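# Fold and contact review
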Amino acid sequence: MNHVSFPATGNPPITCGDHSYTFTDGEFAFVFRDPSVGAHITARNVWASDGAGNLYRVVGSETYGPTTFTPKLMFVGETGGIADSVNITAHLSPNGTGHWFDFGTCGF
């Protein structure tokens, strides 16, 4: 198992309807496992801003497996409410059939 972290800054903005969030601080911590198991990414002290300069705390994680993809990130406003989210569950069955459920407000 390998652990590595990367700065959140420098990643492309995430678009959520009329809003776009740019990462301004923090890091994404990766835990890589055997390819048959997958990887896990956690947002650590990640902050983002929108076009108006409002700051948002970004919380959540992403999990990747050989047949699954589940990013769950929330943009939490200064008052504590969730402004937008990435909330996807995707699965590829052994027969090649795929299912994609997107419950969030952001594109990915």
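Counting of residues starts from 1 at the beginning of each chain's written sequence and follows it residue by residue. With pLDDT at 70 or above as the cut-off, local features in this predicted model cover only qualifying residues; side-chain atom pairs require 80 or more to be listed or tallied, and sums for whole chains, interfaces and linings still use all residues. Based on all heavy atoms of the structure, the side-chain values leave hydrogens and waters out of the count.

## With respect to the overall build of the chain
- Check the secondary structure of the chain and you find zero helices and eight strands.
- Ordered by position from the N terminus, the helices and strands of the chain form the series β-β-β-β-β-β-β-β.
- In terms of overall dimensions, the chain has C-alpha extents of about 45 × 30 × 20 Å along its principal axes.
- A total of 108 residues make up the chain; the buried ones form 31% of that total.
- To measure how exposed things are, a 1.4 Å probe is used in the Shrake-Rupley method; for residues, cover is taken only from the protein chains shown. About 6400 Å² of surface is accessible on the chain, with carbon and sulfur atoms providing 57% of the total. Put simply, DSSP H or I for four residues or longer makes a helix, DSSP E for two residues or longer makes a strand, and each gets a number counted from the N terminus. Residue exposure (1.4 Å probe, protein chains only): buried if accessible area is under 20% of the type maximum, exposed if over 50%, otherwise partly exposed.

## Looking at the packing of aromatic side chains
- Planes of paired rings set the category: under 30 degrees apart is stacked, over 60 is edge-to-face and the rest tilted, where pairs are Phe, Tyr or Trp rings (Trp by its six-membered ring) whose centres lie within 6.5 Å. In this structure the tally under the stated criterion is eight aromatic pairs.
- Aromatic pair Y21 and Y56: ring centres 5.0 Å apart, planes at 85 degrees, arrangement edge-to-face. Here Y21 is found in strand β3 (residues 19-32), whereas its partner Y56 is found in strand β5 (residues 55-64), with 35 residues between them in sequence.
- Classification of Y21 as buried rests on a relative accessible area of 1%.
- Taking relative accessible area as the criterion, Y56 reaches 10% and is therefore assigned buried.
- Ring geometry for Y64 versus F69: centroids 5.1 Å apart, planes at 35 degrees, classification tilted.
- A relative accessible area of 27% means that Y64 is categorised as partly exposed.
- In textbook terms, an aromatic cluster arises when at least three aromatic residues are bridged by ring pairs, as seen for F6, F30 and F32.

## A look at the environment of P13
- On the secondary structure map, P13 appears in the loop between β1 (2-7) and β2 (14-16).
- Taking C-alpha positions, P13 is 22 Å from T79, a pair spaced 66 residues apart along the chain.

## Considering the pairing of strand β8 (residues 98-102)
- In this description, strands pair whenever DSSP reports at least two bridges between them. Sheet topology note: the strand β7 (residues 82-92)/β8 ladder contains five bridges and is antiparallel. Bridged to T89 within β8 is F101.
- The turn linking β7 back onto β8 is made up of five residues, and G96 within it adopts a positive phi angle of 95 degrees.

## Things to note about the pattern of salt bridges
- Just to be clear on terms, a salt bridge is a Lys or Arg side-chain nitrogen sitting within 4 Å of an Asp or Glu carboxyl oxygen. Tallying each qualifying case throughout the model produces one salt bridge.
- Its salt-bridge partner being E27, residue R44 comes within 2.5 Å of it at the nearest N-O pair. Of this pair, R44 sits in strand β4 (residues 39-49) while E27 sits in strand β3, and the two are 17 residues apart along the sequence.
- E27 sits in the partly exposed class, given a relative accessible area of 27%.

## Here's the deal with the nonpolar core
- Residues enter a nonpolar core if they are buried and are Ala, Val, Leu, Ile, Met, Phe, Trp, Tyr or Cys, with the set joined through side-chain atoms within 4.5 Å. With 20 residues, the main nonpolar core has I14, F23, F28, V46, V58 and F75 as its most contacted residues.
- Breaking this core down by element, the ones donating at least two residues are β2, β3, β4, β5, β6 (68-76) and β7.
- Non-local contacts of V46, meaning those with residues more than four positions away in its chain, are made with A8, F23, D25, G26, E27, F28, Y56, R57 and V58. Contacts: residue pairs with any heavy atoms within 4.5 Å of one another.

Purely geometric numbers; function is a separate question.
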